[in-house]
Amino acid sequence: MIDSPSVSTQTLFTQTEQSNKKDISTTALENKSNPDSFLVAFDEGDSANPKNWSFAKKWYLTLTAGLLVLNAAPSSLVPTFMKEFGISQEVGTLTISLFVCGYCVGPLIWGPLSEQYGRRPIFIISFFIYMCFQIGCALSQNIASILIFRFLGGTFAAAPLANSGALISDIWDAKGRGTALAIFTVAPFAGPGIGPIVSGYLVLAGVSWRWLFWILTIFAGVCWLQIVFTIPETYSPVLLAKKAKEIRKRTGDERYHAAIESQNMTLSQRVESILARPFKVLFREPMLIALTLYMSFVYGCIYLLFEAYPIVFTKGHNLNAGVSGLVFLPLPIGGFLAVATYIFFFNPSYERKAQECAPNPVPPEFRLRVAMVSAPFFATSFFWFAWTSYPSISIWAPMMSGALLGWSICLIFLFATQMYDRLGPEWASTLLGFIALIMMPIPFILSSTSSLASSHSHYLPTMPPMALTGIVTKAGCMQKTATVTVSRHVIHKLTGKRIERSKKILTHDEQEVLRLNDTVLIRNCPPISARKRFKLEKVLKSPETERDLAHMQAAQQA
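These numbers come from a predicted model, not from an experiment.

Caption draft 1: A look at the overall build of the protein chain. A tally of helices and strands in the protein chain yields 18 helices and six strands. Burial statistics for the protein chain: of 558 residues in total, 46% are counted as buried. Carbon and sulfur atoms make up 64% of the accessible area of the protein chain, which amounts to about 28100 Å² in all.

Here's what the structure looks like:
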């Protein structure tokens, strides 16, 4: 909105470490007496900070990150492989499933590596090797070579899948990140939607199957050149290490350093950090296990359609390979509709929540509302597809279920051929619908138990130590709870006028000592509930207590 103010200036809260100290400069070059003064950080408004880059540059990088995720799955080539190499359908399907297996393995490597060495070198190295494996597929003389190259290609193609989202988080703040990630999310659906069309019409035209891999090679090569010449490093710790190096060179003082340079790890510790940490985090966080199971099922359903659609549309409705590829289009269309739904409905509510929670971050479980809305539709789409898959029913009925599926997946395999052949498309899709129903409560359960799980998390980041000064405006209404109003001011974006604002914060009062109009110091703590994230530190001033003492003294004197 045009008249909405921007919170950008002073507030009445102070950092815990500074609550009893005088204001001092935090710039490393100005304060030599503090041991942390040589820890290099971004200056306010620093152009080297990715979050301060121009709006146009951020959107270019966001769209480019989405482009890197596009990958084709050659489902229409499976019959061609079966005919040329004399293999079974199960072996032919491995050209898809092994690529997806590589997608599963890759993020376990590329994600931690990018946290150690930055996004840019991982993008450059992995995408170049991915391009080489596409050349290997195009030149393969047997199915074994194709299967090996498909698995390795999927492993290296997973680098953008793992790191493109990280790149977007590097450059956008919390307010703009949701819209950027929503638009980026369409990319994983565009690939499965476009790939079958390209491969289907190549088969229909009688062109050699090798041309699909040559097309993928050309696409990968163009993307690699785009990475090399247009994508800068965005990972702040790596950029700060570069800045520290420049300061050391300019000043000759070797004490200047970045936080990432202080990590003195042996080779074994580094290997453990890169390879073992994802598994440690996964198995020690019940919330992450639940989300991983749910998202694995949801994402796997996209690639399961590569086996379901040919059975329903190619065999059942007698469509040729090219037209069979077109039936995948509702999937990315549903993805685009999901983006519009998020931008116009979910994101505004998140921005309102961000203003309501300021200066604290929005509780992470608030994002689960998107999954809670879409999960029932995800299950519904499978039942829709299942019971409209009969050849006697119009082709449009099962095809349009893909739009709802794409919509629901965007907001929230390997056994596919055997399952659809043995159970039939109706009962196979019904089975998936029931599985989706069973998993549907996961977002709701996580939303209701997130505060408890967060308080016991080993890895969940916590808010920085923070102390706020405010006035008790409600006390005694709820057990061990008081409402503290923290006053602050903001500066209007257009007029520059100072606007007074206040924020009501539910505070935990363990001893129930707070009284109305008390001036108190409250401190953030592990969440006691979804709304109660501060506790009483101390009472600074209590007018009612002072009046009571004055009355007592007067009575004693009388």
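Caption draft 2: Highlighting the packing of aromatic side chains. Applying the stated criterion across every chain, the model contains 19 aromatic pairs. With a centroid separation of 5.9 Å and 65° between ring planes, the pair formed by Phe85 and Trp209 is classed as edge-to-face. Highlighted residues: Phe85 in helix H2 (residues 78-85) and Trp209 in the loop between helix H7 (187-204) and helix H8 (210-230), separated in sequence by 124 residues. Relative accessible area serves as the criterion here: at 4%, Trp209 is assigned to the buried category. On the numbers, 5.9 Å between centres and 35° between planes, the contact of Phe133 with Phe149 is tilted. Taken together, the residues Phe133 in helix H4 (residues 119-139) and Phe149 in helix H5 (residues 143-171) connect sequence positions 16 residues apart. For Phe133, a relative accessible area of 16% corresponds to the buried category. Here a set of aromatic residues connected by ring pairs shows up, and it is made of Phe81, Phe85, Trp209 and Phe213. Across the ring face of Trp53, the terminal group of Lys57 is positioned such that the distance to the ring centre comes to 4.0 Å. Across the ring face of Trp172, the terminal group of Lys58 is positioned such that the distance to the ring centre comes to 5.3 Å.

Caption draft 3: Representation of helix H3 (residues 89-117). Here H3 spans 42 Å end to end across 29 residues, near enough to the 42 Å set by a 1.5 Å rise per residue. For H3, the principal kink sits at Thr95 and spans about 40°. One or two positions beyond H3, positive phi appears at Gly118, with a value near 100°.

Caption draft 4: Inspection of the nonpolar core at higher detail. In terms of nonpolar packing, the biggest core is built from 58 residues, with Phe313 and Phe378 touching the most fellow members. Among the elements that take part in this core, helix H11 (residues 286-315) stands out by supplying 13 residues, more than any other. Formed by 13 residues, the second largest nonpolar core is a distinct cluster that contains Ile143, Leu147, Leu202 and Phe213.

Caption draft 5: Molecular detail of the packing of H2 against H3. Closest axis-to-axis distance for the H2/H3 pair is 9 Å, and the angle between their directions is 130°. Viewed along their axes, H2 and H3 adopt a mutual orientation that is oblique. With respect to the hand of their crossing, H2 and H3 are arranged in right-handed fashion. Residue-level inspection shows Val78, Phe81 and Met82 of H2 in contact with H3, the latter providing Gln89, Gly92, Thr93, Thr95 and Ile96.

Caption draft 6: Focus on the side chain of Lys58. If you trace the backbone, Lys58 turns up in helix H1 (residues 55-69). It is Asp173 that comes nearest to the buried, bridge-free Lys58 among opposite-charge side chains, at 5.7 Å. Apart from the residues within four sequence positions on either side, Lys58 is in contact with Pro50, Lys51, Trp53, Ile171 and Trp172.

Caption draft 7: Quick look at unusual backbone geometry. Unusually for a residue other than glycine, Asn318 sits at a positive phi of about 55°. Summarising the element assignment, Asn318 is placed in the loop between H11 and helix H12 (321-326). Positive phi is not limited to glycine here, since Asn517 has a value of about 75°. Relative to the helices and strands, Asn517 resides in the loop between strand S4 (498-508) and strand S5 (519-524). By relative accessible area, Asn517 is classed as partly exposed at 41%.

Caption draft 8: Spatial organisation of the environment of Tyr342. You can see Tyr342 is positioned in helix H13 (residues 330-357). Residues Tyr342 and Thr179 lie 163 residues apart in sequence; the distance between their C-alpha atoms is 7.5 Å.

Caption draft 9: Helix H6 (residues 174-184), seen in detail. When we look at burial in H6, the residues that qualify are Gly176, Gly178, Thr179, Ala180, Ala182 and Phe184. Its buried side turned inward, H6 meets H1, H5, H7 and H13.

Each value, and the rule that gives it
- Residues numbered from 1 in each chain as written.
- Predicted model: local features only at pLDDT ≥ 70, side-chain atom pairs only at ≥ 80, totals over all residues.
- Heavy atoms only, no water.
- Helix = DSSP H or I, 4+ residues; strand = E, 2+ residues; numbered from the N terminus.
- Buried < 20%, exposed > 50% of the residue type's maximum accessible area, 1.4 Å probe, protein only.
- Areas by Shrake-Rupley, 256 points an atom, 1.4 Å probe, with all protein chains shown as cover.
- Phe/Tyr/Trp six-rings, centres within 6.5 Å; stacked < 30°, edge-to-face > 60°.
- Lys NZ or Arg CZ within 6 Å of the ring centre and 35° of its normal.
- Expected span 1.5 Å × (residues − 1).
- Bend = angle between axes of the 7 residues up to and from the residue.
- Core = buried A, V, L, I, M, F, W, Y, C linked by side-chain atoms within 4.5 Å.
- Axes fitted to C-alpha atoms, helices over the stretch in contact; angles between N-to-C directions.
- Parallel < 35°, antiparallel > 145°, perpendicular 65-115°, else oblique.
- Left-handed = near helix turned anticlockwise from the far one by under 90°.
- Contact = heavy atoms within 4.5 Å.
- Lys, Arg positive; Asp, Glu negative; His and termini not counted.
- Salt bridge = Lys/Arg side-chain N within 4 Å of Asp/Glu carboxyl O.

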